[in-house]
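Coordinate inspection notes
Chain by chain, the residues run as shown.
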Amino acid sequence: MKKYVLILLFLITIAAEAAIVFSIGNGISEVEQDTVAINRCVKAIETNFGQEEAYPKELSYAILDDEGTLVYQNREDVSTTLNEAIKKNDTILDLNAGGRSYKIILANPVREQIETLQRNIVVCILVISGIQIILLILYIVYLYRTVIAPFDRMKDFAVRVAGGNLDLPLTMDRGHIFGGFTESFDLMRSELKKARIAEKKAYDDKNELVAKLSHDIKTPVASIKSTSEIGYELSRDEKTKELFNTVNFKSDQITTLVDNLFNSSINEITEISVEPSGQPSEVITTAIKNADYMKKAGRFTIPDCRVYVDKLRLQQAFDNIFMNSYKYAGTPITVSAEKDDEYLRVTVADTGDGVKKEELPLLKEKYWRGSNITGRDGAGLGLYLTDYFLNSMDGCMELASKDGFSVTFCIRIL
């Protein structure tokens, strides 16, 4: 409301200024000499020439003889020569008295009147301009208090919210144009805070659930391990012993993975510890054989060397690759290995359908799965974790899809 009052007053001053200028302008155009009074004055002087006390007093004039000599002057501000009268634009008339010709110079009041009107115009404009400047200053103050200052507060508030400070509310003032907008901003802060609290609760609930599941999973796994150990001791057949030994190994691996699951519920998944060290290349052979529990890989040879690996994470990496091949390809698997100056390159390949070429770079992303696996279970973490493990061991993972799908482990050689 204040804004409209200030604007209205400003428009009124402009209209008043225009009206005053127009009025004074008309006054200037109406300024002219009174010819009737001039003629009456001239006739009175001709009639009473020589009797100065009878001369009219209402006008300012001077009388010159035919030689230009001053004969009479009723006021000092009147021109006393023809040249001066011409410069001042005074009225010069002929005067006949006593058989002689004279010149009467009547002072022209138009100049003084115009100057007075001009002074009045200047004063009016200055006064109105001063009022307009005051109104403009008041309007600027109003804009600052109702627009600029609230906007600055909202900008600072947005910075605080972006920084995670959701506790300090935004001061609301419904008296300015941003009042409703300010309320919406603070409502957003309140909703974000509720969402943050709900997210924290869900996160805590997840950790609690994982802790309980970890305990519940370890109990039957321990029973399985105990049973398999007894079976291993009681068995007389070497093949059966080998199967019980595999169960023992997988039970230990499950226990370790459950521990990792518990840790990853507290930390981000990329914070799973990887602790590589120098190992003989035989650990790769062991990891591949343990991962290939369906025995789909043929004979293979790993060159002798020392490699920089974490045995547990390397086993997880090969488990992920073989599991993917079992699930999505279901074909025989080929394992090959070669080494160069830096890496031992171990390639695991199947002859399944593979994936689209443009999807290969995306397979390393978390939760991303190929478009050809619709309807089959999976979380999209296997290749992501494998790539993470290998990078943490100063290696890398290379993917290819040609006549099937292949994964190459680039393992650092010491």
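Residues numbered from 1 in each chain as written. Predicted model: local features only at pLDDT ≥ 70, side-chain atom pairs only at ≥ 80, totals over all residues. Heavy atoms only, no water.

1. With respect to the pattern of salt bridges
A side chain with one charge can pair with a side chain of the opposite charge if their charged atoms come near. Keep this limit in mind: For this analysis, a salt bridge means a side-chain nitrogen from Lys or Arg found within 4 Å of a carboxyl oxygen belonging to Asp or Glu. Relative accessibility under 20% of the residue-type maximum defines a buried residue, over 50% an exposed one, and the middle range a partly exposed one, all with a 1.4 Å probe and only protein chains included. Put simply, DSSP marks the helices as runs of H or I at least four residues long and the strands as runs of E at least two long, and each gets a number from the N terminus on.
The full count for this structure, using the stated rule, is ten salt bridges. The salt bridge partner of lysine 88 is glutamate 84, with a shortest N-O separation of 3.4 Å. The partly exposed category is assigned to lysine 88, whose relative accessible area is 33%. The partner of arginine 412 in a salt bridge is glutamate 342, with the nearest N and O atoms 3.2 Å apart. Residue arginine 412 is located in strand E10 (residues 405–412), and its partner glutamate 342 is located in the loop between strand E7 (334–339) and strand E8 (343–349); the two are separated by 70 residues in the primary sequence. Its relative accessible area of 17% is what places arginine 412 among the buried residues. What you see here is one network of salt bridges that share partners, running through Asp340, Arg345 and Glu398.

2. Side note on the packing of aromatic side chains
This is how it is decided: Between rings of Phe, Tyr and Trp, where Trp is taken as its six-membered ring, a pair exists when centres lie within 6.5 Å; planes separated by under 30 degrees are stacked, by over 60 edge-to-face, and by other angles tilted. For a Lys NZ or an Arg CZ to count as sitting over a ring, it must be within 6 Å of the ring centre and within 35 degrees of the ring normal.
Counting across every chain of the model gives six aromatic pairs. Taken together, a centroid distance of 4.7 Å and an interplanar angle of 35° make the contact between phenylalanine 49 and tyrosine 102 tilted. Residue phenylalanine 49 is found in the loop between helix H2 (35–47) and strand E1 (61–64), and its partner tyrosine 102 is found in strand E4 (residues 100–106); the two are separated by 53 residues along the sequence. One aromatic cluster in this structure is built from Tyr55, Tyr61 and Tyr72. If you follow lysine 241 out to its NZ or CZ, it ends over the ring of tyrosine 232, 4.5 Å from the centre.

3. Some thoughts on the state of the cysteines
Short version of the rule: Here, a disulfide means two cysteine sulfur atoms that sit within 2.5 Å of each other.
Per the counting criterion, the structure on display carries zero disulfides. The closest cysteine sulfur to the non-disulfide-bonded cysteine 410 is located on cysteine 396, 3.2 Å from its own sulfur.

4. Notes on the pairing of E4
For a regular strand, side-chain orientation follows a simple rule: the groups alternate between the two sheet faces. Which entries qualify depends on this criterion: Strand pairing is assigned whenever DSSP identifies at least 2 bridges connecting the two strands.
Pairing geometry for E1 and E4, over four bridges, is antiparallel. Within the sheet, the bridge partner assigned to alanine 62 lies in E4 and is isoleucine 105. In this sheet, E4 lies alongside strand E3 (residues 91–97) in antiparallel orientation, the contact comprising seven bridges. Its bridge partner being in E4, isoleucine 92 is matched across the sheet by isoleucine 105. Connecting the antiparallel pair E3 and E4 is a turn made up of two residues, with glycine 98 showing a positive phi of about 60°.

5. A word on the sheet that holds E3
Quick note on the threshold: The angle between two axes is taken between their N-to-C directions and runs from 0 to 180 degrees, where each axis is a line fitted to C-alpha atoms and a helix contributes only its stretch in contact. Whether two residues are in contact is decided by their heavy atoms: any pair within 4.5 Å suffices.
Pairing in this open sheet of four strands is antiparallel, and the strands run E2-E1-E4-E3 from one edge to the other. Of all strands in the sheet, those with a lone pairing partner are strand E2 (70–73) and E3, marking the two edges. Neighbour-to-neighbour, the strand axes of the sheet open up by a mean angle of 25°, direction not taken into account. Each of E1, E3 and E4 touches H2; the most contacted strand, E3, lies at about 30° to it.

6. Points about the sheet that holds E10
Read across the sheet, four strands follow the order E7-E8-E10-E9 without closing on themselves; strand pairing throughout is antiparallel. The two strands at the open ends of the sheet, each matched to only one other strand, are E7 and strand E9 (396–401). Averaged over neighbouring strand pairs, the angle between their axes works out to 20° when direction is ignored. One ladder, built from six bridges, connects E9 with E10; its direction is antiparallel. Across the sheet, residue alanine 400 finds its bridge partner in E10, namely serine 406. Running over the sheet, helix H8 (residues 311–328) touches E7, E8 and E10 and is turned about 170° from E10.

7. Re the packing of helix H7 (residues 282–291) against H8
To keep things clear, this is the line we draw: Angle categories: roughly parallel below 35 degrees, roughly antiparallel above 145, roughly perpendicular from 65 to 115, and oblique for all the rest. In a left-handed crossing the near helix is turned counterclockwise from the far helix by less than a right angle, and in a right-handed crossing that turn is clockwise. Just so you know the grouping, Ala, Val, Leu, Ile, Met, Phe, Trp, Tyr, Cys and Pro go in nonpolar, Asp, Glu, Lys and Arg go in charged, and all remaining residues, Gly too, go in polar.
Axis separation between H7 and H8 bottoms out at 8 Å; the angle between their running directions is 40°. As the angle between them shows, H7 and H8 are arranged oblique. The two elements H7 and H8 cross, and the hand of that crossing is right-handed. Contacts from Val283, Ile284, Thr286, Ala287, Ile288, Asn290 and Ala291 in H7 reach Lys311, Leu314, Gln315, Phe318, Asp319, Phe322 and Tyr326 in H8. For the contact of H7 with H8, the residue count by class is nine nonpolar, three polar and two charged.

8. Considering the nonpolar core
Which entries qualify depends on this criterion: Put simply, buried Ala, Val, Leu, Ile, Met, Phe, Trp, Tyr and Cys residues joined by side-chain atoms within 4.5 Å make one nonpolar core.
Counting residues in each nonpolar core, the largest one holds 40 residues, and the members touching the most others are Ile284, Leu314, Phe318, Phe322, Val346 and Phe409. Residues contacting leucine 314, with those up to four places away along its chain left out, are Val283, Ile284, Val309, Met393, Phe409 and Ile411. With 13 residues, the next largest nonpolar core counts Ile38, Tyr61, Leu95 and Leu106 among its residues.

9. Looking at the pairing of E7
With six bridges joining them, E7 and E8 adopt antiparallel strand pairing. What sits directly across from glutamate 338, in E8, is arginine 345. In sequence, E7 turns back onto E8 through a hairpin of three residues.

10. What about the packing of H8 against helix H9 (residues 382–392)?
One can describe the packing of H8 onto H9 by two numbers: an axis separation of 9 Å at closest approach and a directional angle of 150°. With respect to H9, the axis of H8 lies roughly antiparallel. When the axes of H8 and H9 are compared, the crossing they make is left-handed. Across the interface between the two elements, Arg313, Gln316, Ala317, Asn320, Ile321 and Asn324 of H8 pack against Gly382, Leu383, Leu385, Thr386 and Phe389 of H9. Broken down by class, the residue content of the contact of H8 with H9 amounts to five nonpolar, five polar and one charged.

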